[in-house]
Amino acid sequence: MRIRCRVAVLAASLGLFLLLYFLGGNGADEPPLREVPEDRDEFPASSAQREKISPAKQLRGDPPQQKKLRQNPKEPEITASRSSNQNPKLRLKTDKGRSGSKVVYPEDWMHLAVVACGNRLDETLTMVKSALLFSIKKIKFHIFTEEDLTEQFEKVLSQWPRSYSSKFQYSLYPITFSVGNAEEWKRLFKPCAAQRLFLPVILKDVDSLLYVDTDVLFLRPMDDIWRFLKNFNSTQLAAMAPEHEIPKIGWYSRFARHPFYGVTGVNSGVMLMNLTRIRSTVFKNSMISSGLSWEDLLHPLYQKYKNHITWGDQDLLNIIFHYNPECLYTFPCQWNYRPDHCMYGSNCKGAEEEGVSILHGNRGVYHDDKQPAFKVVYDAIREYPFGENLFQSLFFPLQNKFLDTVNTLCGRIPQVFLRQVEKTMKAVFEQKVIRHARPPSRHRR
């Protein structure tokens, strides 16, 4: 009888919560998907964890290069704390010491970098928005941009509601190149794209970083790709996805006039980096037998291959990891899903099985009608009103709009695009249910 009563109470609580959730749920008050366990292992080769460095210093890039830092002024000051027998607890927590004063511990921040030039403002803001909507831990954005876009970024980001602005900090940097001719680097492939090559040089106090192109969208928490850092072995210092899954239709395997990584090359639109390891590694190359550091390698490598590369900085990365394959970790195609994965038939099995984790809308598909499935996802995230219920104002409209794309090349398997979004929404919902409708304790009478 007691068990039946408990079941009835739980069922009633669930029913009431579901009614309230769908009638007036507010995405702004949603709890995090899950809490980070306090005993979690940290990432390898982290200089920021071996030293007592404040997060403000960790965020600060090379002083002459950094433009501006924006941080919520209401947040408490964060200082580092480390136990003598374990890694620092990277979390934001306030306790009272014996003297009654508050002790604040640092939080585990993820770092995300993007380079935005020309007409990439809206794309970049939509990417940032997608990262914030689903992230669990807080994010520090490193935005490299032109002077005329700086004020526009500040204006938009400062207007985002407190429930989201409290989840991130951002820094704006000018476009700079430490070696070679700056104008040449700027013209390499797309405007300013080569800036990504210099991130280890500029962000000297950042240990690890995820770089993404402006046309990238997160369909699940950024935390999930951030965990790949823990999969690196002792020699790996960066991670990218293959450029293609099938060599006979891959670009590098058919047309490249320079060395490239593996069988099909790698795509640099989503690149996870341990900057500490990159800065301390001597890279093998075809020019100097003793090897070169990252910064010393970039310009001579460009000078040697500039007449043979088509995709700019991505080609240079392929050349570097061709000679240093032990330094690269490759993650599956669903973490960098592009039109190439569905234009010539579905050739990303990971996306078919698990859904797309990160959508990369290269070829300008967010802004034309060539691949409507990509544009539908982009428009849904861009138009989502901050604070609205994620199910009602994001997932359901996205699901309905996909009905118009099922007869297109990339829309014929809609679950590829929708599975991870739906899974993330369910995780948010289940967390609410667990928090609001827990069964009575066994010890209660």
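For clarity, every value in this text was computed on a predicted model and none was experimentally measured.

Caption draft 1: Geometry of the overall build of the chain. Check the secondary structure of the chain and you find 18 helices and 12 strands. Taking all 445 residues of the chain together, 53% fall into the buried category. Surface summary for the chain: the accessible area is close to 20700 Å², and the carbon and sulfur share equals 50%.

Caption draft 2: Expanded view of helix α17 (residues 390-401). Its 12 residues place the ends of α17 16 Å apart at the C-alpha level, agreeing with the 16 Å of an ideal helix rising 1.5 Å per residue. Every buried residue of α17 is listed here: Leu390, Phe391, Leu394, Phe395 and Leu398. Down the axis of α17, the buried side of the element spans an arc of 120 degrees, and every buried residue falls inside it. Measuring from the backbone nitrogen of Phe391 back to the side-chain oxygen at the start of α17 gives 2.9 Å, which picks out Asn389 as the cap.

Caption draft 3: View of the nonpolar core. The biggest cluster of nonpolar side chains holds 72 residues, and the ones touching the most others in it are Leu112, Phe141, Leu210, Phe218, Tyr337, Leu359 and Phe417. In terms of residues, this core owes the most to one element, helix α4 (residues 121-134), which gives eight residues. Once residues lying within four places of it in the same chain are set aside, the contact partners of Phe417 are Leu219, Tyr337, Leu359, Ala373, Phe374, Val377, Phe402 and Cys410. Residues Tyr211, Leu292, Tyr305 and Leu328 belong to the second largest nonpolar core, which totals 44 residues.

Caption draft 4: A look at unusual backbone geometry. The phi torsion at Arg363 lies on the positive side, around 65 degrees, for a residue other than glycine. Take Arg363: it is sitting in the loop between β12 (358-360) and α16 (372-383).

Caption draft 5: Structural detail: the environment of Cys333. Residue position: Cys333 is located in the loop between β11 (328-330) and α14 (340-343). Once the C-alpha coordinates of Cys333 and Gly350 are considered, the two residues, 17 residues apart in sequence, prove to be 6.6 Å apart.

Caption draft 6: Region of the structure containing the state of the cysteines. Tallied over the full model, the rule gives three disulfides. Covalently, Cys333 is tied to Cys348 through a disulfide, its sulfur atoms 2.0 Å apart. Linking Cys333 and Cys348, the disulfide has an S-S dihedral of approximately 100 degrees and is accordingly described as right-handed. Here Cys333, found in the loop between β11 and α14, pairs with Cys348, found in the loop between α14 and α15 (349-354); they are 15 residues apart in sequence, far enough to count as distant. Look at Cys348 and you get buried, because its relative accessible area is 1%. At a sulfur-sulfur separation of 1.9 Å, the disulfide partner of Cys342 is Cys410. Looking down the S-S bond of the Cys342 and Cys410 bridge, the torsion is 85 degrees, so its handedness is right-handed. In this pair, Cys342 sits in helix α14 while Cys410 sits in the loop between α17 and α18 (415-436), placing the two residues 68 residues apart along the sequence.

Caption draft 7: Just the pairing of strand β10 (residues 266-274), in detail. Most of β10 sits inside the fold, with nine of its nine residues counted as buried. Direction of pairing for strand β7 (residues 208-212) relative to β10: antiparallel, over a ladder of five bridges. Along β10, the bridge assignment pairs Val212 with Val270.

Caption draft 8: View of the packing of α16 against α17. Axis separation between α16 and α17 bottoms out at 10 Å; the angle between their running directions is 155 degrees. In terms of orientation, α16 lies roughly antiparallel with respect to α17. Seen from above, α16 lies across α17 with right-handed handedness. For the pair α16 and α17, contact is made by Val376, Val377, Ala380, Ile381 and Glu383 and by Leu394, Leu398 and Lys401, respectively. In the contact of α16 with α17, the residues fall into six nonpolar, no polar and two charged.

Caption draft 9: Geometry of the packing of aromatic side chains. Counted under the stated rule, the structure contains 24 aromatic pairs. The interplanar angle of 85 degrees and the centroid separation of 5.2 Å between the aromatic rings of Phe228 and Trp335 together place this pair among those described as edge-to-face. Placement of Phe228 in the loop between α9 (222-226) and β9 (238-242) and of Trp335 in the loop between β11 and α14 is noted, with a sequence separation of 107 residues between them. Between the aromatic rings of Phe283 and Trp294, the centroid separation amounts to 5.3 Å while the plane-to-plane angle is 65 degrees, which identifies the pairing as edge-to-face. Remark: Trp294 occurs in helix α12 (residues 294-305) and Phe283 occurs in the loop between α11 (275-280) and α12; sequence separation between them is 11 residues. One aromatic cluster is present, built from ring pairs that chain together Phe141, Trp160, Tyr164, Phe168, Tyr170 and Phe386. Over the ring of Phe386 we find Lys129; its NZ or CZ atom is 5.0 Å from the centre of that ring.

Caption draft 10: Spatial organisation of empty space enclosed by the protein. A full pass over the atoms with the stated rule returns three cavities of 30 Å³ or more. The space that makes up the second largest cavity amounts to roughly 60 Å³. Here the residues of the lining of the second largest cavity are counted per class, giving seven nonpolar, two polar and one charged.

Caption draft 11: Representation of α12 within the structure. The terminal C-alpha atoms of α12 lie 16 Å apart, and with 12 residues this matches the ideal 16 Å at 1.5 Å per residue to within 8%. When α12 is considered as a whole, its buried residues turn out to be Trp294, Leu297, Leu298, Leu301, Tyr302 and Tyr305. Buried residues in α12, looked at end-on, bunch into an arc of 120 degrees, giving them a common side.

Caption draft 12: Structural context of the side chain of Thr145. With respect to the secondary-structure elements, Thr145 resides in strand β5 (residues 139-145). Engagement of the side chain of Thr145 in a polar contact is seen with the backbone oxygen of Ala116, the distance being 2.8 Å. Ignoring sequence-local partners within four residues, the contact set of Thr145 consists of Ala116, Thr150, Phe153, Leu172, Tyr173, Pro174 and Ile175.

Caption draft 13: Here's a closer look at the environment of Phe395. Checked against the element boundaries, Phe395 lands in helix α17. Residue Phe395 is classed as buried on the basis of its relative accessible area, which comes to 3%.

Thresholds applied
Residues numbered from 1 in each chain as written. Predicted model: local features only at pLDDT ≥ 70, side-chain atom pairs only at ≥ 80, totals over all residues. Heavy atoms only, no water. Helix = DSSP H or I, 4+ residues; strand = E, 2+ residues; numbered from the N terminus. Buried < 20%, exposed > 50% of the residue type's maximum accessible area, 1.4 Å probe, protein only. Areas by Shrake-Rupley, 256 points an atom, 1.4 Å probe, with all protein chains shown as cover. Expected span 1.5 Å × (residues − 1). Arc of directions from axis to C-beta. Polar contact = N/O pair within 3.5 Å; in protein donor to acceptor, adjacent residues only side chain to side chain. Core = buried A, V, L, I, M, F, W, Y, C linked by side-chain atoms within 4.5 Å. Contact = heavy atoms within 4.5 Å. Disulfide = S-S within 2.5 Å. Pairing = 2+ DSSP bridges. Axes fitted to C-alpha atoms, helices over the stretch in contact; angles between N-to-C directions. Parallel < 35°, antiparallel > 145°, perpendicular 65-115°, else oblique. Left-handed = near helix turned anticlockwise from the far one by under 90°. Nonpolar A, V, L, I, M, F, W, Y, C, P; charged D, E, K, R; others polar. Phe/Tyr/Trp six-rings, centres within 6.5 Å; stacked < 30°, edge-to-face > 60°. Lys NZ or Arg CZ within 6 Å of the ring centre and 35° of its normal. 1 Å grid on protein atoms, 1.4 Å probe; cavity = no way out; pocket = protein on both sides within 12 Å on 5 of 7 lines; lining within 4 Å. Points joined across faces, edges and corners; volume = space filled by probe spheres on them.

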